[in-house]
Amino acid sequence: MTDIAPVITVSNLIKQFGRFAALRGVTAEFAPSRFYAILGDNGAGKTTLLRTLAGLNHPSSGQVTILGSNKFRNICREVGYMAHPALLYDEMSGIENLGYFARLYGIADGKRGADVIRAVGLDPELTRPVGQYSQGMRQRMSLARALLNDPRILLLDEPFSNVDLHSARDMVRLLAGLRDQGKTIFAVTHQASLLEGAADEFIWMEAGKIVARTAEFTEMPKESAR
Amino acid sequence: MKSLYSILVIITGLLLIYAMSAALMPEFHLGPLTFQGAPTEQTMGSVQRIFYYHVPSAWTAFLLFFINLGASVYYLIKRCQTADILALVTAEVGVVFCTIVLVTGPIWARPVWGIWWTWDMRLTSTLVLWLIYVSYLFLRKFSTSGQTPVLAASLAILGALCVPFVYFSIWFFRTQHPQPVMGGGGSIDPRMLHVLLVNWLAFSCFAFLVCWSRFRLEKLQRELDAAHAMRSLMDEPAHPRSAR
Amino acid sequence: MSGTLGTSSPPLQTPRPEAAAEVPPSAASAPSGITRATLLKDLRLEWRSKDAINSMLFFSLLVVVVFSFSFDPSAEESRQIAGGLVWVAFLFAAVVALNQTWARELRNQVLDAYRVSPAPANSLFLAKVIGNFIFVAVLETLMTPLFIIFYRLRAIGPAWQLLLVAALGTWALVVNGTFFAAMSIRTRSREIMLPLLLFPISIPAILAMVQATAAILTGEYSARFWIVLLGTYDLVFTTGCLLLFETVLNAE
């Protein structure tokens, strides 16, 4: 449906690291309130694309428009980012971490941290430092941090990596619920089977370009010579 | 462009021959013409002639670092590749000229004062400048960021901000702990000044030529890298390393 | 610990903290609030990891002792060179502290979380500089009595000026050090890049610190010029670093 304004538009995005081009001309539109899974081999450019969307990478050329704005700074309140490292302080407890990050977003509501921790299925009273969590708990706490500012867009880089199946399934359910509430979710993952049934669209990347966009998860559409 | 470059090479060559002859001899002949060079200094003799390499090199380095500052500021504002290459090139050539100052200094000091190093104002300031811009080159070399030009430009600006402090602090230090001043204070013989300025002009032209060549080289290298990047993944299977 | 996650989670239905329209920033989101929050967090974490503090304290004692073995002058000579000695020791300790500035943030890529948030980069920078200043000041406070004892130091000039020199000098090292520590995040050989970038630019400040200290200890001349130079240096470089930090932080 092209009558709905796209939430993110990427046009001819090129990102070059010396002699290596991570993105070689990515052009796409992404509609709001959808759950996108970004798949592809290592080196395909998935993480680079996500980091560019999150404003962490500057493209060598091309444009990214998020919620109508070219400058990430203008819309940073509407974006939540999560990556494979937890983006949390190992030495603090979960609630302390969220308390600090809430200050960064200017969230005055003292209960917000506890609320999001409960929403991801963890106990806000837990005083153990995050460094002692299992990977599943860390990723959930990291997701809680990404949800602190109730963003319209979630950018997740390998959120299920090394996470136990139970936690991963819980997270997928949560994300699907968030999508139903109107959020747009992008998840880069190697575990596409987890997202079967939850994701609206699977985006396949190869060699720095988007090669296919499918509604269902099948094997890699292009049978390229390996 | 090529013809302009060749013309400049010839002009610079001629200037350098004239300037060096003037520096080395009180009177010299170029073909049928006779020219007046620098007179021999009374107290120090012929050794003093190194002055005509020492001082203009310092001035040339200073000029190059000034251009580096301008290019760095311009880069931060406009993010223009040309400005970044100019900054890199002037820093490299500037460091070379600083090295000349630091080498000619001891060569001069040793026979005249018997010591290899004097904490003379010019020498000390040049040393600090040399250190700052060598650290700049190290940053460029060791940076793993995709935005090395931004980091380098920031460092260049801070380094340039430091320069007045370098001169002020060393000047005051000198007034409190006086040491022999190289090049002599006070007024200078107009013939010596003439030779000095001619050498500065010659060195500046030479620096310009070297910068130009290096600029072209760097520009080509970057274009090559960009072309490589766009092509490299088309012919081979996807890179095995993770995307970053 | 995993609880069940329902798709309708009431907590996330709470009204969004700030609408996109212009909202006057609450005290929590004002830059000074963020600086204070970051500084308190760092101090709290530093206090919790007592190992780091203890090892730094012991380290500062070691430095003083090693210096005492290396330079064993008479009382009169010591006043002349004490300025240099003390500040080299402080510089040494400062570099060790500065290399740790961003260690916690780098461990789990927390800097990414900061960059993605609306928090201004300068708030983070100021918090880190003040934190480093406090840390290095504590080390200096511990090392100074030891130096006074080992070198039988006594200030012939106005001793209160020493405090001013210490404050201005430490700030000069710490503000540039924190900035270059952030720069060296984006380089190979991080630990060597910090001093490599810091030392050349700090030379005028170091000269001023050492000369001012020598002037005050020997009482032979006034330290006023050096103090004014240090103050100006601090002003210029704090401004420069504040203007450039955001660019450097985001230079990935």
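Heads up: the structure comes first, above all this text.
Residues numbered from 1 in each chain as written. Chains lettered and ligands numbered in written order. Predicted model: local features only at pLDDT ≥ 70, side-chain atom pairs only at ≥ 80, totals over all residues.

Asker: Residues and numbers for the nonpolar core, please.
Answerer: Of all hydrophobic cores here, the largest spans 210 residues; its most connected members are Ile38 and Leu155 of chain A, Ala87 of chain B together with Leu230 of chain C. Among the elements that make up this core, the one with the highest residue count is helix 8 (residues 190–218) of chain C (15 residues). In contact with Ala87 of chain B, other than residues within four places in its own chain, are Asn68, Ala71, Ser72, Tyr75, Ala152, Ala153 and Ala156 of chain B. (Core = buried A, V, L, I, M, F, W, Y, C linked by C-beta atoms within 7 Å. Buried ≥ 20, exposed ≤ 12 C-beta atoms within 10 Å, placed from the backbone. Helix = DSSP H or I, 4+ residues; strand = E, 2+ residues; numbered from the N terminus. Contact = placed C-beta atoms within 7 Å.)

Asker: Lay out the environment of Cys98 of chain B in plain terms, naming residues and giving numbers.
Answerer: Mapped onto the fold, Cys98 of chain B is located in helix 3 (residues 81–113). C-alpha separation for the pair Cys98 of chain B and Leu129 of chain B, spaced 31 residues apart in sequence, amounts to 7.8 Å.

Asker: Before we move on, could you go through the environment of Gly106 of chain A and cite the residues and values that matter?
Answerer: Relative to the assigned elements, Gly106 of chain A resides in the loop between helix 3 (94–104) and helix 4 (112–119). When the C-alpha positions of Gly106 of chain A and Asn149 of chain A are compared, they lie 9.0 Å apart, and in sequence the two are 43 residues distant.

Asker: Which residues make up unusual backbone geometry, and what are the values?
Answerer: The phi angle at Ser33 of chain A is positive, at roughly 55 degrees, despite the residue not being glycine. Note that Ser33 of chain A resides in the loop between strand 2 (20–30) and strand 3 (35–40). If you check the backbone angles, Gln109 of chain C has positive phi at about 55 degrees while not being a glycine. With respect to the secondary-structure elements, Gln109 of chain C resides in the loop between helix 4 (103–107) and helix 5 (110–116).

Asker: Please give an account of the sheet that holds strand 1 (residues 8–17) of chain A that cites residues and values.
Answerer: Residue and element names in this part refer to chain A. Across the sheet, which stays open at both edges, the three strands sit in the order 2-1-4 with antiparallel pairing between neighbours. A single partner strand is all that each edge strand has here, and the edge strands are strand 2 and strand 4 (61–66). Here the strands of the sheet are splayed against their neighbours by 20 degrees on average, with no regard to which way each runs. Bridging between strand 1 and strand 2 involves eight bridges; their strand directions are antiparallel. Counterpart to Lys15 in the pairing with strand 2 is Leu23. (Pairing = 2+ DSSP bridges. Axes fitted to C-alpha atoms, helices over the stretch in contact; angles between N-to-C directions.)

Asker: I'd like to hear about helix 5 (residues 148–176) of chain B, residue by residue, with values.
Answerer: Counted at 1.5 Å a residue, the expected span for helix 5 of chain B with its 29 residues is 42 Å, and the 41 Å between its end C-alpha atoms agrees. Where helix 5 of chain B bends most, at Cys162 of chain B, the angle is about 25 degrees, and the proline Pro164 of chain B comes one to four residues later. (Expected span 1.5 Å × (residues − 1). Bend = angle between axes of the 7 residues up to and from the residue.)

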